[in-house]
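An overview of the molecular structure
This is what each chain is made of:
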Amino acid sequence: LQAALPLCDVVIDFSTPAATQVLTAAAVLAQVPLVIGTTGLQPAALAAIGEAATQIPIVRSANMSPGINVLLGLLRRASRALSDYDAEIVELHHRHKRDAPSGTALLLAEAIKAGRATALEVRSGREGLVGPRGAAELGVFAVRGGDVVGEHTALLLGTGERIELVHRATAREVFAHGALRAARWLRAAGRPGLYDMEDVLGLKDHDC
């Protein structure tokens, strides 16, 4: 690994949390930019990636789809404008997916939270006599089955109306195309730092 990395322009990683930590350390030693699409990363791994980003450029995103990242900006704006609406997220994936909720669902939750002046608490599912829904809840629900590539629905529910923002991935190639776009952007950026796909797509300057 250490012999091969210096030959690379950019490394793209969609692996496992343990492998990502090893690869991140190796990329720092080789001074090679890194695109990370691995999900299920724990706080220690995220901290290690943040430290590595002080020495090399890194794009990390739980979802490399350009469409999902446009949706994040739309959801922040909608959540801000409809700050008194209840917010819920439903995600659907194939039966073999290992982590729940999905990394993308958590990204959507963060986008909703970013649009609110008051803190929201993520609640993964409900069971039993839980009582009325609290105003500060943000429900996230995982559904698994079949060969579904990925479907995410963010709901903003008011009195008398609701908004549903939906993204459906029908082919895994969309994530590969996004990762390649991120790799090209990293080569051009050249500066150490921790970036995401919204940086790659130039969306942050336009998110009002």
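The structure we're discussing is the one just above.
Quick summary incoming for the structure in this document. (Residues numbered from 1 in each chain as written. Predicted model: local features only at pLDDT ≥ 70, side-chain atom pairs only at ≥ 80, totals over all residues. Heavy atoms only, no water.)

As for the sheet that holds strand 5 (residues 121–124)
- Taken in spatial order, the five strands make up an open sheet running 5-6-4-7-8, and their pairing is mixed. This sheet does not close on itself; its edge strands, each paired only once, are strand 5 and strand 8 (162–169). Between one strand and the next, the sheet's axes are offset by a mean angle of 15°, whatever the strand orientation.
- Two elements, strand 7 (residues 150–157) and strand 8, share eight bridges in a ladder whose sense is antiparallel. In the sheet register, G150 faces strand 8, and the bridge partner there is A169.
- Seen against the sheet, helix 3 (residues 66–81) touches strand 7 and strand 8 and runs at an angle of roughly 170° to strand 8. (Pairing = 2+ DSSP bridges. Helix = DSSP H or I, 4+ residues; strand = E, 2+ residues; numbered from the N terminus. Axes fitted to C-alpha atoms, helices over the stretch in contact; angles between N-to-C directions. Contact = heavy atoms within 4.5 Å.)

Examining the packing of helix 3 against helix 4 (residues 103–114)
- It is the contact of helix 3 with helix 4, at a shortest axis distance of 7 Å, that shows an interaxial angle of 30°. Seen from above, helix 3 lies across helix 4 with right-handed handedness. Across the interface between the two elements, I68, L71, L72, L75, R76, S79 and R80 from helix 3 touch T104, L107, L108, A111, I112 and A114 from helix 4.
- Its residues placed into classes, the contact of helix 3 with helix 4 shows nine nonpolar, two polar and two charged. (Left-handed = near helix turned anticlockwise from the far one by under 90°. Nonpolar A, V, L, I, M, F, W, Y, C, P; charged D, E, K, R; others polar.)

Some remarks on the packing of aromatic side chains
- Inspection of every chain in the model, using the stated rule, returns one aromatic pair.
- Note on W185 and Y195: the rings are 5.0 Å apart at their centroids and 75° apart in plane angle, and the pair reads as edge-to-face. One end of the pair, W185, is in helix 5 (residues 173–189); the other, Y195, is in strand 9 (residues 193–195), with ten residues separating them in the sequence.
- For Y195, a relative accessible area of 15% puts it in the buried group. (Phe/Tyr/Trp six-rings, centres within 6.5 Å; stacked < 30°, edge-to-face > 60°. Buried < 20%, exposed > 50% of the residue type's maximum accessible area, 1.4 Å probe, protein only.)

Details of helix 2 (residues 43–52)
- Restricting attention to buried positions, one finds in helix 2 the residues A45, I49 and A52. All buried residues of helix 2 project into a common sector of 60° when viewed along the axis, lining one side. Exposed side chains of helix 2 directed beyond 90 degrees from the buried face belong to P43 and A44.
- Buried residues in helix 2 make contact with helix 1 (17–30), strand 2 (34–36), strand 3 (57–60) and strand 9. (Arc of directions from axis to C-beta.)

Notes on the pairing of strand 4 (residues 86–93)
- Inspection of the sheet shows strand 4 paired to strand 7 by seven bridges, in the antiparallel sense. Pairing of D86 across the sheet is with L157, part of strand 7.

Considerations on helix 1
- With 14 residues, helix 1 extends 20 Å between its outermost C-alpha atoms, agreeing within 8% with the 20 Å of an ideal straight helix rising 1.5 Å per residue.
- What helix 1 keeps buried is the set T20, L23, T24, A26, A27, V28 and A30.
- If you follow the buried residues of helix 1, they end up packed against strand 1 (11–13), strand 2 and helix 2.
- Two residues or fewer after helix 1 comes Q31, characterised by a positive phi angle close to 55°. (Expected span 1.5 Å × (residues − 1).)

Details of the layout of surface pockets
- Here the largest pocket is characterised by a volume of approximately 730 Å³.
- Around the largest pocket, the lining is made up of 31 residues, and of these F14, G37, T39, H94 and K97 lie nearest the centre.
- When contributions to the lining of the largest pocket are tallied by element, the ones reaching two or more residues are helix 4, strand 7, strand 8 and helix 5.
- At three residues, strand 7 tops the list of elements feeding residues into the lining of the largest pocket.
- Looking at the lining of the largest pocket, its residues break down into nine nonpolar, 17 polar and five charged.
- Of the voids in this model, the second largest pocket is the one considered here, and its volume is about 580 Å³.
- Every residue lining the second largest pocket is counted, 27 residues in all, and those nearest its centre are R60, A62, G103, L106 and L107.
- The biggest single contributor to the lining of the second largest pocket is helix 4, with six residues.
- Tallied by class, residues from the lining of the second largest pocket come to 14 nonpolar, seven polar and six charged. (1 Å grid on protein atoms, 1.4 Å probe; cavity = no way out; pocket = protein on both sides within 12 Å on 5 of 7 lines; lining within 4 Å. Points joined across faces, edges and corners; volume = space filled by probe spheres on them.)

Keep in mind that these numbers describe shape and distance, not what the molecule does.
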